[in-house]
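Next come the chains, spelled out residue by residue.
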Amino acid sequence: MCGIAGFAGVGDRSVLEAMTRSLAHRGPDDEGYYIDSDTAVHFGHRRLAVIDVASGHQPMWNEDGRVGVIFNGEIYNHVALRTELEALGHRFATDHSDTEVLVHGYEEWGEKLVSRLNGMFAFAIYDRNRRQLMLARDRFGEKPLFYAIKSGFIAFASELNALTLHPHVGNSIDPRSVQKLFAYGYLPAPNALSVGCRKLPGGNTLTFDVASGAVSVKQYWQFRIDPDESLNDDRESELVEELRSLMSNAVSRRLISDVPLGVFLSGGIDSSACLAFASRKRPAASIETFTIGFDDPSFDESGYARDVATAFGSHHRERQLGVQSAAMSVNEILARMDEPLGDPSLLPTFMLSKFAREHVTVALTGDGGDELFAGYDPFKALGPAQAYDRWMPPFLHSGVRRLVDCLPISGRNMSLDFKLRRALAGVSYPPSAWVPVWMSALEPRDLKGIVEEPLRVEDLYEEAITVWEGSRTGNIVDRTLEFFTTLYLQDDILTKTDRAGMMVSLEARSIFLDNDLVDFCQRVPHRFKYRKGQGKYLLRKALEGVVPESVLKRPKKGFGIPLIQWLGDIAPFPPLAEVPGVDLPAVAELWRQHTSGVADRRLLLWTWLSLQRVIGTDGAKPLVFQEA
């Protein structure tokens, strides 16, 4: 992985170096710069060397110096693209750099290059002859890319902090984005925390004409389910074999590395699949697998992971952590976050990445499996929610919610009371908002109590509603799959994995986001993904005889931490510094509700801490946790 930064227009080398060097954790191995004094185009790059370690210095140019690129990511089909380009007459200077494929690919195909790439990427290409800058981000936004545009000026960077170091950008907080952060638990693209800044959504390109300042943002790909209805149950065995082949190919592509590589292993279906297919490509004993465990059984999965590693014979490494001692990492990770994130599994993901980085530079992950194959609990809630919405009189709904609120609050991972409260909160709104409310840090009703100018539900969840209304099938399972893959996967799961890994200079690769595998998922009807109350139906069938049977029978368990306890143990009272558009006394009241056990506000409060630490309004004072 790498970090990229640049701008066209006002600014000088000192600004470029400050932006680029703030990304050193993303690329500790090398740095490079390019400045075109005639057009004021500035490129900066930090490199984590993974492919063609000796020859991958960036910015990288084609043979006549017309096209240059700075690139963050991996192109998994770069060998095939290089072969095709060489047949077309292109001559490569490097031995096997995937970066050089981008400059020659742009020469040959222009902006259509992005549709040929199978990988994770964020890059900037400068065409000196046309005086045009092109930014691009991979299909799902695995690699981040922020930008800001003003008259005759553009700046971009891998992280928001780097972008706002440019004095022409600024870093004032956008109150609208704060509301969306609380409503989703993350910031859906193109929203960014700072006024005037944007995230380029996955599957999009941006072109900037250096001479005129003209800007164009185009979507080249989006996840939309278009099921092939000829795929009936009689063809199930055919689909099973195709899925197995696609997963095998996806793993093969992601095993290509010139540096040590391992596998994150939880003992669940997705990570076990990573190890299973990797062990068919190379000796299992040569594969490093990594797991962290906790001393609280409610949050510990290390035993399951150990069993899977033993079954395949991988070189397994495990680190056990006390949940209270792990709380001490909260300060480190929140202080280094580039943008706030309301997903507390960020912490164990960071700890796992930090552990793995002691031994490898690249790790395979199972990210995307739940989103593509309906693995999350909300899929189980869709049917009951539809029945509840149809038959429950609205005037009784508030009474039911009050009854459920009387249940004792449990600190256990995904406890029953937590699920019931979430479910009833969601069905208080139109169906298009059910899932985002279920996943939110704070539902709209409660959000109105802490912000000065609350958005309408339609504006608050406009991104989710757009996905819902854009569905080609209209089926609620398909719509929910599209929500998870388009929004939650990109701006929560992949953001979490990218930031946690990059804090320690570790590259994470998801096998499920391979182009061919995703295309397969788009044409498979939902009944092969969610059937009779069980998610991942087809995936489970494909993994029969591939992973241990016990893995397929295990219920899903999230990568959690004892958040209720930790939030209650913070002493003294958590920071409540000013945030634009937020009523601090109202936030303080929510804290009191949580610490007194009156209400479960765990996700809101984690999101609040993340926001406070990212924007630095608490004076960077570390949180202090009482001893259990």
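Residues numbered from 1 in each chain as written. Predicted model: local features only at pLDDT ≥ 70, side-chain atom pairs only at ≥ 80, totals over all residues. Heavy atoms only, no water.

### Observations concerning the sheet that holds strand β7 (residues 132-137)
Read across the sheet, 6 strands follow the order β4-β5-β6-β7-β11-β12 without closing on themselves; strand pairing throughout is antiparallel. Looking at strand neighbours, the two that pair on one side only are β4 (60-61) and β12 (215-219), the edges of this open sheet. Summarising the sheet, strand β11 (residues 204-209) and β12 pair through 5 bridges and their orientation is antiparallel. Paired with T205 across the strands is K218, a residue of β12. Across the sheet, helix α3 (residues 98-109) touches β4, β5 (67-75), β6 (119-127) and β7, and the angle it forms with β5 is around 130°. (Pairing = 2+ DSSP bridges. Helix = DSSP H or I, 4+ residues; strand = E, 2+ residues; numbered from the N terminus. Contact = heavy atoms within 4.5 Å. Axes fitted to C-alpha atoms, helices over the stretch in contact; angles between N-to-C directions.)

### Quick notes on empty space enclosed by the protein
Tallying each qualifying case throughout the model produces 6 cavities of 30 Å³ or more. Put simply, the largest cavity is a space of about 110 Å³. In terms of lining residues, the largest cavity is bounded by 15 residues, among which C2, R47, G73, D98 and T99 are the most central. Those elements giving two or more residues to the lining of the largest cavity turn out to be β5 and α3. For the lining of the largest cavity, the leading source of residues is β5, giving 3 residues. Considered as a void within the structure, the second largest cavity measures approximately 70 Å³ in volume. In terms of lining, the second largest cavity is formed by M120, E142, K143, T365, D367, L494, T497, D498, A508, R509 and S510. Elements with a contribution of two residues or more to the lining of the second largest cavity: α20 (476-502) and β17 (507-510). Classifying every residue of the lining of the second largest cavity by side-chain character gives 3 nonpolar, 3 polar and 5 charged. (1 Å grid on protein atoms, 1.4 Å probe; cavity = no way out; pocket = protein on both sides within 12 Å on 5 of 7 lines; lining within 4 Å. Points joined across faces, edges and corners; volume = space filled by probe spheres on them. Nonpolar A, V, L, I, M, F, W, Y, C, P; charged D, E, K, R; others polar.)

### Considering helix α19 (residues 462-469)
Here α19 has its buried residues at E463, A464, I465, V467 and W468. Taken together, the buried residues of α19 touch α5 (175-184), α16 (431-439), α18 (457-460) and α20. (Buried < 20%, exposed > 50% of the residue type's maximum accessible area, 1.4 Å probe, protein only.)

### Digging into helix α7 (residues 269-278)
The buried count for α7 comes to 10 of 10 residues, which makes it a mostly enclosed element. Listed in full, the buried residues belonging to α7 are I269, D270, S271, S272, A273, C274, L275, A276, F277 and A278.

### Some remarks on the packing of aromatic side chains
For any pair of aromatic rings, the description rests on two quantities: the centre-to-centre distance and the angle between the ring planes. Evaluated as defined, the whole model comprises 22 aromatic pairs. Residues Y34 and W61 carry aromatic rings whose centres are separated by 4.6 Å and whose planes lie at 65° to one another, so their mutual orientation is edge-to-face. Here W61 lies in strand β4 and Y34 lies in strand β2 (residues 30-36), a separation of 27 residues in the sequence. For Y34, a relative accessible area of 14% gives the class buried. Taken together, the ring pairs in this structure connect Y184, Y186, Y376, F379, Y461, F483, F484, Y488 and Y530 into an aromatic cluster. Its guanidinium or amino end placed over the ring of W109, R116 lies 3.9 Å from that ring's centre, counting from NZ or CZ. Above the plane of the ring of Y537 lies R531, whose end atom (NZ or CZ) is 4.2 Å from the centre. (Phe/Tyr/Trp six-rings, centres within 6.5 Å; stacked < 30°, edge-to-face > 60°. Lys NZ or Arg CZ within 6 Å of the ring centre and 35° of its normal.)

### Topic: the environment of A309
Following the sequence through the fold, A309 ends up in helix α8 (residues 302-312). For A309, a relative accessible area of 2% translates into the label buried. Residues A309 and A276 lie 33 residues apart in sequence; the distance between their C-alpha atoms is 9.6 Å. Dropping the residues within four chain positions of it, A309 is found in contact with L265, L275, T289, S314 and H316.

### Points about the pattern of salt bridges
Within this structure, the stated rule accounts for 46 salt bridges. Close ionic contact of R116 with E84 constitutes a salt bridge, the shortest N to O distance being 3.1 Å. Residue R116 is located in the loop between α3 and β6, and its partner E84 is located in helix α2 (residues 78-87); the two are separated by 32 residues in the primary sequence. Exposure remark for R116: the relative accessible area of 35% places this residue in the partly exposed category. On the basis of relative accessible area, E84 is assigned to the partly exposed category, the value being 31%. The salt bridge partner of E358 is R319, with a shortest N-O separation of 3.0 Å. One end of the pair, E358, is in the loop between α11 (346-357) and β16 (362-365); the other, R319, is in strand β15 (residues 315-321), with 39 residues separating them in the sequence. Overlapping salt bridges, with partners in common, bring together R26, K143, E159, K199, D338, E339, D491, D498 and R499 in one network. (Salt bridge = Lys/Arg side-chain N within 4 Å of Asp/Glu carboxyl O.)

### So, the side chain of R224
Here R224 shows up in the loop between β12 and α6 (236-254). For the buried R224, no salt bridge exists, and the shortest N-O distance to an oppositely charged side chain is 4.3 Å, to E482. (Lys, Arg positive; Asp, Glu negative; His and termini not counted.)

### Topic: the pairing of strand β3 (residues 41-47)
Judged by how many residues are buried, β3 sits mostly within the fold: 7 of 7 residues are covered. Bridge count between strand β1 (residues 2-8) and β3: 7 bridges; the pairing is antiparallel. The partner of F7 across the bridge, within β3, is H42. The sheet contact formed by β2 and β3 spans 7 bridges and is antiparallel. Looking at β3, one finds that G32 is bridged to H45. Where β2 hands over to β3, the hairpin turn is made up of 4 residues, of which A40 adopts a positive phi near 60°.

### Remarks on the nonpolar core
The biggest cluster of nonpolar side chains holds 156 residues, and the ones touching the most others in it are F182, M247, Y461 and L543. In terms of residue count, the dominant contributor to this core is α20 (12 residues). Excluding its chain neighbours within four sequence positions, the residues that come into contact with Y461 are A183, Y184, A433, P436, V437, S440, L442 and P444. F92, V101, Y106 and M134 belong to the second-largest nonpolar core, a separate cluster that totals 21 residues. (Core = buried A, V, L, I, M, F, W, Y, C linked by side-chain atoms within 4.5 Å.)

### Considerations on the packing of α6 against α7
Two elements in contact, α6 and α7, have axes separated by 9 Å at closest approach and are oriented at 75°. One way to sum up the angle between α6 and α7 is to call them roughly perpendicular. In contact with R244, M247, S248 and V251 of α6, α7 contributes A273, C274, F277 and A278. Residues belonging to the contact of α6 with α7 are distributed by class as follows: 6 nonpolar, 1 polar and 1 charged. (Parallel < 35°, antiparallel > 145°, perpendicular 65-115°, else oblique.)

### Topic: a negative patch on the surface
Residues E452, E453, E578 and D583 make up a contiguous surface patch of negative charge. E453 sits in the exposed class, given a relative accessible area of 67%. (Patch = residues over 30% accessible without salt bridge, like charges linked within 9 Å, V, L, I, M, F, W, Y side chains within 5 Å. Areas by Shrake-Rupley, 256 points an atom, 1.4 Å probe, with all protein chains shown as cover. Charge placed at Lys NZ, Arg CZ, Asp CG, Glu CD.)

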